[in-house]
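Observations on chain architecture
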Amino acid sequence: MAECGASGSGSSGDSLDKSITLPPDEIFRNLENAKRFAIDIGGSLTKLAYYSTVQHKVAKVRSFDHSGKDTERDHEPPYEISVQEEITARLHFIKFENTYIEACLDFIKDHLVNTETKVIQATGGGAFVYQKDSDPEFRFQTNHPHIFPYLLVNIGSGVSIVKVETEDRFEWVGGSSIGGGTFWGLGALLTKTKKFDELLHLASRGQHSNVDMLVRDVYGGAHQTLGLSGNLIASSFGKSATADQEFSKEDMAKSLLHMISNDIGQLACLHARLHSLDRVYFGGFFIRGHPVTMRTITYSINFFSKGEVQALFLRHEGYLGAIGAFLKGAEQDNPNQYSWGENYAGSSGLMSTSPELGPAQRARSGTFDLLEMDRLERPLVNLPLLLDPPSYVPDTVDLTDDALARKYWLTCFEEALDGVVKRAVASQPDSVDAAERAEKFRQKYWNKLQTLRQQPFAYGTLTVRSLLDTREHCLNEFNFPDPYSKVKQRENGVALRCFPGVVRSLDTLGWEERQLALVKGLLAGNVFDWGAKAVSDVLESDPYFGFEEAKRKLQERPWLVDSYSEWLQRLKGPPHKCALIFADNSGIDIILGVFPFVRELLLRGTEVILACNSGPALNDVTHSESLIVAERIAGMDPVVHSALREERLLLVQTGSSSPCLDLSRLDKGLAALVRERGADLVVIEGMGRAVHTNYHAALCCESLKLAVIKNAWLAERLGGRLFSVIFKYEVPAE
């Protein structure tokens, strides 16, 4: 154990690192509530992890007592809304150069309020410099059991190669002294640049072919007869021995990066082939999401393995040691009982300088990378109905690769920002500082978007889902837990009053006509999405825009994607045993679209699991809101009433607070219920859940994916127009 304020054989008290000023609110966030620390001290970089409790606001809904009242006549809201304080747990991770370890440890010691926090769990080779009794062992936590076996190549100051066979069985099989420390050290000698990230920045602007000798430089045009690419590096820094010229810092840094990355890639490939492994995970802060590094290593692996070995990268690879050290001291908290989700509002992204420092301070303070993980109160697991969980990818488009889509969606989210700020302020009319907090939200989210324009990989794979989730996290950061709560309350009230009439109208139709009307009702309800600008503009300007008006907006059949005829034919067969339905929006969507559809399934003899978000996002219906809505509908409809009483209709939470849907991270209780009831139909509705995510998701049962395209650019890209319809009925292959 290392004492929190212990000093080791680092720099003296008069050195530069003792004099730096650290902004506690931005780097060591929530330090006053910190309870446990862990540290991973490498040869060049230190990674710190600590656990804290966070108090934040949450929106709660509670049903009114309607006994003795005529709710058809009373136009009061269906429930009341309150904002309460809630305490959750958060993990903080900070990376900094070892130069600053003394100052950072002293800062923690000086600012700790919780005097019970006296020790730091330590790991990493550098830990032995600062204390003598560190236990560096750790275990891996995995999302699913299908990744074994694999090779883990950790590139820190040097390279360590570990063969991992199971969660508990792994062995060190090799390594190299040529790693991140080599790049940093030689780079500093060549360029006089002392900062690791500045070296990477130089490399990103360099042309290695000005320094390296290529195959075409050696063989000229004859390289083609040898079956070699002329762009292959024949000799790293080969031109420097004969050229009578000065080379730029950028070119030398690029050449050095290629040399070390290629060397590591070849070494990893040889070990993978030696141990008959086809997957290599690369970790360590040498990589840190730098595209040139990842591309070079990937090329090297592909070249030397002839495509038989796959190079894989972990966004938070540099924190593996710190996480391991933290878990070593957290066994008493039963960490396996929880899942964790990244708080994008508190994470800095890759290769970012410490925030809110002036240029002079920034030059002295080095680089601080921040990662925050919020604890979720229930574990998240795969949907049991996924056909192949290891290959499942939620997102339809990777904006990191698709430059045109990335440019459009970043601009789209920028242009929507004013409306989000306006909605946030309007949601808290009695708050004196709502406008000030909303402006802080605007600035933080705007800065995130600008970072992503320059570094699309900064927060991992960039998708529409991650952009939406980041916005929700930033709103929560400034205590706007549910900006659409009053909109949902009002729209739920209006839709509930319309429900009896909609059901009566449906019941007058013949069977086949009713099935089409139910589907059109589902689609029309899905139009009411405040997250889509084309819709929010209409709803803001026309308060009388309703269910029938939405139906008239829909594309006429044949739809853009139209499997309705196949669905209708299926309905003429035996009923499904159990349907799992992922609902989207509050108000007209769930009450006049989803519930009549649910009611029809119940009448067919199909049990229904209705899954709604655990927490708020845009105007999406939450689980707590759905319980009240279902209770009110049950009071008007005997079919729903008896189904709830007999547990043929079950309302559950998804474990998500996102406008999109990740079927690999669902509430464990929902997954258990799906198995128990034998669900054989999955219905996913909405653009976020069925188009931005899960459009290509393969399930081992029948599925319906339906949405209205409420974005003109996306509709055109898909070959349609605004308000085009997706109705995708899929049956798994035999």
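Residues numbered from 1 in each chain as written. Predicted model: local features only at pLDDT ≥ 70, side-chain atom pairs only at ≥ 80, totals over all residues. Heavy atoms only, no water.

**So, the packing of aromatic side chains**
The criterion, for reference: Geometry of aromatic contacts follows a simple scheme: Phe, Tyr and Trp rings, the Trp one being its six-membered ring, pair when their centres are within 6.5 Å, and the pair is stacked under 30 degrees between planes, edge-to-face over 60, tilted otherwise. Under the DSSP-based scheme used, a helix requires at least four consecutive residues in state H or I and a strand at least two consecutive residues in state E, with every element numbered from the N terminus. Type-normalised accessible area, obtained with a 1.4 Å probe on protein chains alone, sets the label of each residue: buried when under 20%, exposed when over 50%, and partly exposed for intermediate values. Only Lys NZ and Arg CZ are tested; either one counts as a charge over a ring when it is within 6 Å of the ring centre and within 35 degrees of the ring normal.
This model, assessed by the stated rule, comprises 17 aromatic pairs. Both rings, one in Trp 184 and one in Phe 196, keep their centres 5.3 Å apart while their planes meet at 80 degrees; by these two values the pair is edge-to-face. One end of the pair, Trp 184, is in helix α4 (residues 180–191); the other, Phe 196, is in helix α5 (residues 196–204), and 12 residues separate them in sequence. Overall, Trp 184 belongs to the buried group, its relative accessible area being 14%. Feature note: the residues Phe 183, Trp 184, Phe 196 and Phe 286 constitute an aromatic cluster, connected by ring pairs. Above the plane of the ring of Phe 480 lies Arg 437, whose end atom (NZ or CZ) is 4.6 Å from the centre. Above the ring of Trp 559, the side-chain terminus of Arg 557 is found at 5.4 Å from the ring centroid.

**A word on unusual backbone geometry**
For the bond from Arg 557 to Pro 558, the omega torsion is 0 degrees, close enough to zero to count as cis. Turning to its location among the elements, Pro 558 is positioned in the loop between α18 (547–553) and β16 (561–562). Although it is not a glycine, Glu 647 sits at a positive phi angle of roughly 60 degrees. Mapped onto the secondary structure, Glu 647 falls in the loop between α22 (638–645) and β19 (649–653). The partly exposed category is assigned to Glu 647, whose relative accessible area is 46%.

**As for the side chain of Arg 375**
Convention followed: In what follows, residue pairs with any heavy atoms lying within 4.5 Å of each other are defined as contacts.
Residue placement: Arg 375 occurs in strand β14 (residues 369–376). Once you skip the residues sitting within four places of it in the chain, Arg 375 turns out to touch Tyr 51, Ala 89, Tyr 338, Ser 339 and Trp 340.

**Observations regarding the nonpolar core**
Basically, it comes down to this: To form a nonpolar core, buried Ala, Val, Leu, Ile, Met, Phe, Trp, Tyr and Cys residues must be joined to one another through side-chain atoms within 4.5 Å.
Grouped together as the largest cluster of nonpolar side chains are 58 residues, with contacts concentrated most on Trp 567 and Phe 595. In terms of residue count, the dominant contributor to this core is helix α20 (residues 588–604) (10 residues). Each residue touching Trp 567, except ones within four places of it in the same chain, is listed here: Val 519, His 576, Phe 597, Leu 681, Leu 704, Phe 727 and Tyr 729. One finds Leu 417, Val 464, Val 487 and Ala 707 within the second-largest nonpolar core, a separate group that totals 40 residues.

**With respect to helix α11 (residues 403–415)**
For clarity, the threshold we go by: Helix span is expected to be 1.5 Å times the residue number reduced by one. Read the arc as the range of directions from the helix axis to the C-beta atoms.
When the terminal C-alpha atoms of α11 are compared, their 18 Å separation across 13 residues agrees well with the 18 Å that a helix rising 1.5 Å per residue should span. Those residues of α11 that fall on the buried side of the exposure criterion are Ala 405, Arg 406, Trp 409, Leu 410, Phe 413 and Glu 414. The buried side chains of α11 occupy one side of the element, clustering within an arc of 165 degrees when seen end-on. With respect to the buried face of α11, the exposed residues turned more than 90 degrees away are Leu 404, Lys 407 and Glu 415. The inward-facing, buried residues of α11 contact α12 (417–426), α13 (434–454), α14 (464–477), α24 (687–692) and α25 (712–717).

**Side note on the sheet that holds strand β8 (residues 170–176)**
Test applied: The rule for pairing is simple: two strands pair if DSSP sees at least two bridges between them. Orientation is described by axes fitted as lines to C-alpha atoms, over the contacting stretch for helices, and by angles from 0 to 180 degrees between their N-to-C directions.
If you walk across this open sheet you meet the five strands as β8-β7-β6-β11-β12, and the pairing is mixed. The sheet is open, and its two edges are formed by β8 and β12 (310–313), each paired on a single side. Each strand axis lies, on average, 25 degrees off the axis of its neighbour in the sheet, ignoring direction. Relative to β12, helix α8 (residues 291–305) is tilted by about 160 degrees, and along the sheet it contacts β6 (150–155), β11 (279–283) and β12.

**A few points about helix α16 (residues 511–526)**
Look at α16: 23 Å from first C-alpha to last across 16 residues, which is about the 22 Å you get at 1.5 Å a residue. Within the span of α16, buried status applies to Arg 514, Gln 515, Leu 518, Val 519, Gly 521, Leu 522, Leu 523, Ala 524, Gly 525 and Asn 526.

**Some words on the pairing of β19**
Most of β19 is tucked away: four of the five residues are buried. Pairing analysis gives five bridges linking strand β18 (residues 607–612) to β19, with the strands arranged parallel. Paired with Ala 611 across the strands is Val 652, a residue of β19.

**Notes on the side chain of Glu 491**
Stated formally: Positive charges come from Lys and Arg, negative ones from Asp and Glu, while His and the chain ends are left out of the count. The term salt bridge refers to a pairing of a side-chain nitrogen on Lys or Arg with a carboxyl oxygen on Asp or Glu at a separation within 4 Å.
Topologically, Glu 491 is positioned in helix α15 (residues 485–507). Notably, Glu 491 is buried but unbridged: the nearest opposite-charge side chain belongs to Arg 490, and the N-O separation is 4.7 Å. The residues touching Glu 491, leaving out its near neighbours within four places in the chain, are Trp 530, Gly 587 and Asn 619.

**Details of a nonpolar patch on the surface**
Quick note on the threshold: For patch detection, residues must exceed 30% relative accessible area and be free of salt bridges, and they are connected within 9 Å for like charges or within 5 Å for nonpolar side chains (Val, Leu, Ile, Met, Phe, Trp, Tyr). The method behind every accessible area is Shrake-Rupley, applied with a 1.4 Å probe, and residues are considered shielded solely by the protein chains displayed.
Residues Leu 186, Leu 189 and Leu 190 make up a contiguous nonpolar surface patch of roughly 270 Å² in combined accessible area. As for its placement among the helices and strands, Leu 186 is situated in helix α4. Relative accessible area serves as the criterion here: at 35%, Leu 186 is assigned to the partly exposed category.

**A few points about the pattern of salt bridges**
Per the counting criterion, the structure on display carries 37 salt bridges. Between Asp 374 and Arg 90 there is a salt bridge, with its nearest N and O atoms 2.5 Å apart. With Asp 374 in strand β14 and Arg 90 in strand β4 (residues 79–97), this pair connects stretches of sequence that are 284 residues apart. Between Lys 488 and Asp 482 there is a salt bridge, with the nearest N and O atoms lying 3.1 Å from each other. Asp 482 matches Lys 488 in its accessibility class, with the two residues each being buried. Among the charged side chains, a network of salt bridges with common partners joins Arg 90, Glu 372 and Asp 374.

**So, the environment of Arg 604**
The condition that has to hold: In protein, a polar contact requires one atom able to donate a hydrogen and another able to accept it; more generally it is a pair of N or O atoms within 3.5 Å, and residues adjacent in sequence count only if both atoms are side-chain atoms.
Assignment of secondary structure puts Arg 604 in helix α20. Owing to a relative accessible area of 18%, Arg 604 belongs among the buried residues under this scheme. Sequence-wise, Arg 604 and Pro 575 are 29 residues apart; in three dimensions their C-alpha atoms are separated by 6.0 Å. When near neighbours in sequence (up to four residues on either side) are disregarded, Arg 604 contacts Arg 570, Leu 571, Gly 573, Pro 574, Pro 575 and His 576. Here Leu 571 takes part through its backbone oxygen, which lies 2.7 Å from a polar atom of the side chain of Arg 604.

**Some words on the pairing of β18**
Defined as follows: Whether a crossover is right-handed depends on one test, that the path from the first strand over the helix to the second runs clockwise when the strands point away from the viewer.
Counting buried residues along β18, five of its six residues qualify, which places the element largely inside the surrounding structure. Here strand β17 (residues 578–582) runs beside β18; their pairing, made up of five bridges, is parallel. Residue Leu 580 lies in a different strand from β18, and its bridge partner there is Ile 609. Following the backbone out of β17, through α20 and into the adjacent parallel β18, one traces a crossover that is right-handed.

**Observations regarding the sheet that holds strand β22 (residues 702–709)**
The pairing of strands in a sheet comes from backbone hydrogen bonds and takes either a parallel or an antiparallel form. Ordered by their spatial adjacency, seven strands build an open sheet running β16-β23-β22-β21-β17-β18-β19, and the pairing between neighbours is mixed. Both edges of this open sheet fall to β16 and β19, since each of them pairs with a single strand only. Along the sheet face, α20 touches β17, β18, β19, β21 (681–685) and β22 and points at about 160 degrees away from the line of β18.

**As for the packing of α5 against helix α7 (residues 249–274)**
Selection criterion: The labels follow the angle: roughly parallel below 35 degrees, roughly antiparallel above 145, roughly perpendicular from 65 to 115, and oblique for the rest. Each residue is assigned to one of three groups, with Ala, Val, Leu, Ile, Met, Phe, Trp, Tyr, Cys and Pro labelled nonpolar, Asp, Glu, Lys and Arg labelled charged, and all others, Gly among them, labelled polar.
Running from N to C, α5 and α7 point in directions that differ by 100 degrees, and their axes come no closer than 7 Å. Our classification of the angle between α5 and α7 gives roughly perpendicular. Residues Leu 199, Leu 200, Leu 202 and Ala 203 of α5 form the contact with α7, whose participating residues are Lys 249, Glu 250, Ala 253, Lys 254 and Leu 257. Looking at side-chain class alone, the contact of α5 with α7 contains six nonpolar, no polar and three charged residues.

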